Each structure stands twice: as C-alpha cells, then as structure tokens.
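Coordinate inspection notes
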Amino acid sequence: QVQLVESGGGLVQPGGSLRLSCATSGTIFSFDVMGWYRQAPGKQRELVAVISSGTSTNYADSVKGRFTISRGNAKNTVYLEMNSLKPEDTAIYYCYVEDPVVRRTYWGQGTQVTVSS
C-alpha cells in the first residue's frame, strides 16, 4: 500500500520560513514526477511546485523566488522550502507522486500551513 506522509507545517509569522517534507512508502515504480499542491479555504487546489526528470522544476508564479522544491538523496522524498511567507500562502499543502507505470497519482493527507501575525 502506497503512503505519502507530509510533515513540517505549522504556524509562522509573515516573512518567516518553513520546510515541508513528504516521505513515501510502498511500491512506487517511478518517482520521476513529484510535487506540491495547496488548497486555501474557499479556493481551488493549485499547483505550487513540481520536480521532474531528475532536477527540472516549475513553480507557480505566486511562489517563484520564495519556494524551492527538491528531492532527498533516496529520491523517494520531496521537500518544499518556503521562505518569505505571506498570509496568502496559508493553505493545506499536499504532496503527490505521478507513477506512469501504473498510471496513478498518489497523494498525501496534507499539512496545514498558516501564516499569521
């Protein structure tokens, strides 16, 4: 059974930083595409960052220059370094893995990030 477990969320003041982690377990045949989405109250889920083909990355315009996505050495872990956080970054953050071998996308349960003074 595949599991993705996020950690690192919490309450932080504007301008602060957080580092989210996503650890995977179970049988996943390809970790080529991993990333993070977020969903704020009353809003649709939006893509925050994605890493693919090893080290190729893409970011939402709203987080460019502030967030950095990276992989762990074991390739089955993905991180999201978030700096200069703003209140509008408040959301539940979900990690995901796309496995093209079995044509499935796996999701974590989400971790709450709240940016407030």
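Refer to the structure presented above.
Residues numbered from 1 in each chain as written. Predicted model: local features only at pLDDT ≥ 70, side-chain atom pairs only at ≥ 80, totals over all residues. Heavy atoms only, no water.

**Quick look at the sheet that holds strand β8 (residues 77-82)**
The four strands lie next to each other as β1-β3-β8-β7, forming an open sheet whose pairing is antiparallel. Each edge of the open sheet carries a strand with a single partner, namely β1 (3-7) and β7 (67-71). Along the sheet, successive strands turn relative to each other by an average axial angle of 15 degrees, direction set aside. Two elements, β7 and β8, share five bridges in a ladder whose sense is antiparallel. Across the sheet, the residue bridging to Arg71 is Val78, located in β8. (Pairing = 2+ DSSP bridges. Helix = DSSP H or I, 4+ residues; strand = E, 2+ residues; numbered from the N terminus. Axes fitted to C-alpha atoms, helices over the stretch in contact; angles between N-to-C directions.)

**Comments concerning unusual backbone geometry**
A positive phi is found at Ser84, a non-glycine position, where the angle reads about 50 degrees. By relative accessible area, which is 40% here, Ser84 ends up partly exposed. In this structure, Arg103 takes a positive phi of about 55 degrees despite not being glycine. Residue position: Arg103 is located in the loop between β9 (91-99) and β10 (104-107). Taking the relative accessible area as the measure of exposure, Arg103 reaches 79% and is therefore exposed. (Buried < 20%, exposed > 50% of the residue type's maximum accessible area, 1.4 Å probe, protein only.)

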